[in-house]
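Chain by chain, the residues:
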Amino acid sequence: MRMLLGLLFLLALTGNSRATYCLCKDGVAEKDLQTSIDYACGVLGDCNQIHEKGPCYQPNNVKGHCDWAVNSYFQRAGQVPGSCNFSGTATTSPNPPSTVVTGCIYPSSPGNAGTGAPGTPTFPGPPAFGPTGGFDPSGNDALSLITSIALTLGFSVIVFL
């Protein structure tokens, strides 16, 4: 019985895997996009990927650099609800930007987000500026929260049985 519950739990963990990216919105003023880049890169401590000669430098424009910076922040934050808002300049997407060049890697989940430069602190916690979005109990945020709670409770039952 314990083995069956364990297998069901593992199946539940692997059954809901999908890519989610955080991208800057089209039509937002470059000044606002740059503010989002500055915040995300300040928290990450490492935006070398979008510096000149970095693998994600192209396309060399504020929107392209903003996409990479906010997505990296979002993934390092563990895709926490509200961590892809940046005062309304960003939103989530199931697809990476269409302008990604060969060699530029856009993490699509917290597990492949990387850790930044050696010695760089890990994600520091709740943002002061950036993501200010709220929790929407009627959307995917609620489903994700409910799934997390159910999986945690299921695992706890299996471990303590």
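Per an unreviewed UniProt entry, the chain goes by X8 domain-containing protein and derives from Brassica oleracea. Taken verbatim from the UniProt record of the chain, the Subcellular location (unreviewed entry) comment is "Cell membrane".

Engineer: Just checking my understanding: could you explain the environment of Gly64 for this structure?
Structural biologist: With respect to the element layout, Gly64 can be found in helix α3 (residues 62–76). Considered as a pair, Gly64 and Ser98 are 34 residues apart in the sequence and their alpha carbons are 10.0 Å apart.

Engineer: Help me understand the pattern of salt bridges, please; the structure alone is not making it clear to me.
Structural biologist: A side chain with one charge can pair with a side chain of the opposite charge if their charged atoms come near. Counting across every chain of the model gives 3 salt bridges. Measuring nitrogen to oxygen at the nearest pair gives 3.8 Å for the salt bridge that ties Lys31 to Asp32. Since its relative accessible area comes to 33%, Asp32 is described here as partly exposed. Note that Asp67 and Lys63 form a salt bridge whose closest N and O atoms lie 3.0 Å from each other. Of this pair, Asp67 and Lys63 are both found in helix α3, 4 residues apart, which corresponds to roughly one turn of the helix. On the basis of relative accessible area, Asp67 is assigned to the buried category, the value being 2%. Salt bridges sharing partners connect three or more residues here, namely Asp26, Lys63 and Asp67.

Engineer: What is the right way to look at the nonpolar core in this model?
Structural biologist: Most often, soluble globular proteins keep nonpolar side chains buried together rather than apart. The biggest cluster of nonpolar side chains holds 27 residues, and the ones touching the most others in it are Ile50, Trp68 and Phe86. For this core, the elements supplying multiple residues, two or more each, are β1 (21–24), α2 (30–44) and α3. Those residues in contact with Ile50 that lie beyond four places of it in its chain are Ile37, Cys41, Cys56, Tyr57, His65, Trp68 and Ala69.

Engineer: When you look at empty space enclosed by the protein in this model, what are you seeing that I'm missing?
Structural biologist: The rolling of a water-molecule-sized probe over the atoms marks out the regions of remaining empty space. Evaluation of the coordinates by the stated rule reveals 1 cavity of 30 Å³ or more. By volume, the largest cavity amounts to about 60 Å³. Class assignment for the residues of the lining of the largest cavity results in 8 nonpolar, 3 polar and no charged.

About the cut-offs
- Residues numbered from 1 in each chain as written.
- Predicted model: local features only at pLDDT ≥ 70, side-chain atom pairs only at ≥ 80, totals over all residues.
- Heavy atoms only, no water.
- UniProt positions renumbered as here; feature names shortened; annotations may be inferred.
- Helix = DSSP H or I, 4+ residues; strand = E, 2+ residues; numbered from the N terminus.
- Salt bridge = Lys/Arg side-chain N within 4 Å of Asp/Glu carboxyl O.
- Buried < 20%, exposed > 50% of the residue type's maximum accessible area, 1.4 Å probe, protein only.
- Core = buried A, V, L, I, M, F, W, Y, C linked by side-chain atoms within 4.5 Å.
- Contact = heavy atoms within 4.5 Å.
- 1 Å grid on protein atoms, 1.4 Å probe; cavity = no way out; pocket = protein on both sides within 12 Å on 5 of 7 lines; lining within 4 Å.
- Points joined across faces, edges and corners; volume = space filled by probe spheres on them.
- Nonpolar A, V, L, I, M, F, W, Y, C, P; charged D, E, K, R; others polar.

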